[in-house]
Amino acid sequence: MIQLIMMETYQALSEQAAKIVANQIHQKPNSIIGFATGSTPLGLYETLVTMYQNKEISFSEIQTFNLDEYVGLRPTHPQSYFQFMMQHLFSKVDIKRDQIHFPAGVFANASRACLEFEEQLEQVGSIDLQILGIGENGHIGFNEPADAFTLNTHITGLAERTIQANARFFHDQSEVPRKAITMGIGNIMAAKKILLLADKESKSAALSALFSGTIDPNIPASILQLHPNVVVIVNKKIANYMKHVSNTLEV
Ligand code: GLP
């Protein structure tokens, strides 16, 4: 079941998302939270840092699982998703370093690296709240369009459109890694609650697939229609471009 919330501005969208994350942690201080990278959740992370500074929230008991990492980038690489999370959230709040879980971007054995992350996920049971962005092509995490869904953590080639979209974080498009390690669709769907954020108009076609009534592995996010508890927060400017939208709540 997908609940759609439309917000007037990016800031309002970020604050609404932060309320949901904060409620989750207030209700269950040792929550398992799944984090996402990308520019969309930056406002959410900034709001969470402010809430922490104002002593409205503590992250000291949570465990974190990030969706994905570029293959070939060490955690110290400035463009690694690990650094992204450290820079924008983890180093600024009281999350304990040993409670942070990331798939490994550098490894000797690919299947072993995937299995290790799967084992860490299995040990915690399930993610309480998974934060997601969405790619222009409908990818979630780095689950790219394909003929079938991949359920577990896996190594994937990045779609050309994803490489182009993510080039803005690198000096040059040629520097964007061509592969990533990502949670699979089954891992994401196993989360108890999912919070998906979208701000840019370029995401409207992909977002429409969340309300189409059709599940299509070529638009991976469409699988979320089968999840019992998804909240999608979008900037109102996108909603005008989205098809099939019903069940809308304006805050
Ligand atoms: C990347 C990440 C996704 C993210 C997407 C959208 O490819 N792997 O998890 O949702 O980009 O990013 P942005 O929010 O910058 O548009």
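Everything that follows concerns the structure shown earlier in this document.
So, here's what we can say about the structure. (Residues numbered from 1 in each chain as written. Predicted model: local features only at pLDDT ≥ 70, side-chain atom pairs only at ≥ 80, totals over all residues. Heavy atoms only, no water.)

**Overview of the overall build of the protein**
- Looking only at helices and strands, the protein features eight helices and eleven strands.
- Computed over its C-alpha atoms, the radius of gyration of the protein comes to 17 Å, within 12% of the 18 Å expected for a compact globule of 251 residues.
- The C-alpha extent of the protein, read off along each of the three principal axes, is 45 × 45 × 35 Å.
- Counting across all 251 residues of the protein, residues that qualify as buried make up 52%. (Helix = DSSP H or I, 4+ residues; strand = E, 2+ residues; numbered from the N terminus. Rg over C-alpha atoms; globule rule 2.2 N^0.38 Å. Buried < 20%, exposed > 50% of the residue type's maximum accessible area, 1.4 Å probe, protein only.)

**As for the sheet that holds strand E4 (residues 68–70)**
- Spatially, the three strands line up as an open sheet ordered E4-E8-E7, and their pairing is antiparallel. With one partner strand each, in any of the chains shown, E4 and strand E7 (154–157) form the two edges of the open sheet. Sheet twist, expressed as the mean angle between neighbouring strand axes with direction ignored, is 25°.
- In the sheet, E4 pairs with strand E8 (residues 179–182) via three bridges, with the strands oriented antiparallel. Looking across to E8, one finds that Tyr 70 is bridged to Ala 180. (Pairing = 2+ DSSP bridges. Axes fitted to C-alpha atoms, helices over the stretch in contact; angles between N-to-C directions.)

**Observations concerning the layout of surface pockets**
- There is about 390 Å³ of room inside the largest pocket.
- As for the largest pocket, its lining consists of 26 residues, of which Gly 38, Ile 134, Gly 135, His 139 and Asn 166 are closest to the centre.
- Residue contributions to the lining of the largest pocket peak at four residues, all from helix H5 (residues 160–166).
- Taken together, the residues of the lining of the largest pocket sort by class into nine nonpolar, eleven polar and six charged. (1 Å grid on protein atoms, 1.4 Å probe; cavity = no way out; pocket = protein on both sides within 12 Å on 5 of 7 lines; lining within 4 Å. Points joined across faces, edges and corners; volume = space filled by probe spheres on them. Nonpolar A, V, L, I, M, F, W, Y, C, P; charged D, E, K, R; others polar.)

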